[in-house]
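# Reading the structure
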Amino acid sequence: MFEHQQNIWLESLQKQGYRITNPLKIIVEIMASSDVILNPTQVFLLAKEKNSNIGLVTIYRSMEKLEQAGLIGRVHMPDGCQSFFHASNGHQHLIICEQCGKAEYFEGDDLNPLFNRTGEQFGYQITDHWLQLFGFCQKCKEINLNRK
Ligand SMILES: [Zn+2]
Ligand SMILES: [Zn+2]
């Protein structure tokens, strides 16, 4: 099922004029199938598990390419913005587990009245917003309960 996703990414990269190198292919494989957010160091370790000896610099460069191509997006965490997740499908927001990095997209803008009210209050014309939720996923909630 992930293979389908990978092929879509590779096609998109090709269409945008990127040369599909072996390292790029492996990084696409990792990022397109990940349900957790990943930083370049984590991708480096996962690539190693796949018996690939891609260097960290190549990983950084390839992830930049994927970001430029609109396939992955930078995720903002309280301790920095080093992690990436597959890009959203239109206007969506992320909910992220701060413990294991599991992430999901959700839709819905029940907060629009708040945004508009805030814009009016300060005399701004609101053109866009960015929203991300943090917490503990179902699994981590259970792990944390059992620890107590
Ligand atoms: Zn979790
Ligand atoms: Zn929104």
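Above this text you will find the structure in question.
Right, let's walk through the structure included here. (Residues numbered from 1 in each chain as written. Chains lettered and ligands numbered in written order. Predicted model: local features only at pLDDT ≥ 70, side-chain atom pairs only at ≥ 80, totals over all residues. Heavy atoms only, no water.)

### So, the coordination of the zinc ion (ligand 1)
Applicable threshold: Excluding water, the donors of a metal are its N, O and S neighbours within 2.8 Å, or within 3.2 Å for Na, K and Ca, and that exclusion means sites may look incomplete. By the criteria applied here, four donors are tetrahedral when all angles lie between 85 and 135 degrees, four are square planar and six octahedral when opposite donors are over 155 degrees apart and every other angle lies between 65 and 115, and any other arrangement is irregular. Secondary structure follows DSSP: runs of H or I at least 4 residues long count as helices, runs of E at least 2 residues long count as strands, and numbering of each begins at the N terminus. Throughout, exposure labels follow a simple rule: accessible area from a 1.4 Å probe, protein chains only, divided by the maximum for the residue type, with under 20% read as buried, over 50% as exposed, and the rest as partly exposed.
All of the protein donors around the zinc ion (ligand 1) are Cys 97 (SG), Cys 100 (SG), Cys 137 (SG) and Cys 140 (SG); their distances to the metal are 2.3 Å. One can describe the site at the zinc ion (ligand 1) as tetrahedral: its four donor atoms subtend angles covering 107 to 115 degrees at the metal. Binding-site remark: the zinc ion (ligand 1) is held by donors from one chain whose sequence spacing is C-x2-C-x36-C-x2-C. Placement of Cys 97 in strand β3 (residues 93-97) and of Cys 140 in helix α6 (residues 138-147) is noted, with a sequence separation of 43 residues between them. The class for Cys 140 is buried, based on a relative accessible area of 4%.

### A short note on the nonpolar core
Quick note on the threshold: To form a nonpolar core, buried Ala, Val, Leu, Ile, Met, Phe, Trp, Tyr and Cys residues must be joined to one another through side-chain atoms within 4.5 Å. Contacts are assigned to residue pairs with any non-hydrogen atoms lying within 4.5 Å of each other.
Core analysis: the biggest nonpolar cluster contains 22 residues, and Trp 9, Leu 13, Ile 27, Met 31, Val 43, Met 63 and Leu 66 have the highest contact counts within it. Within the residue set of this core, elements represented by two or more residues are α1 (2-15), α2 (22-32), α3 (40-49) and α4 (56-68). The element best represented in this core is α2, accounting for seven residues. Not counting chain neighbours up to four residues away, the residues in contact with Val 43 comprise Ile 27, Ile 30, Met 31, Leu 38, Ile 59 and Met 63. Grouped together as the second largest cluster of nonpolar side chains are seven residues, Val 75, Met 77, Leu 94 and Ala 103 included.

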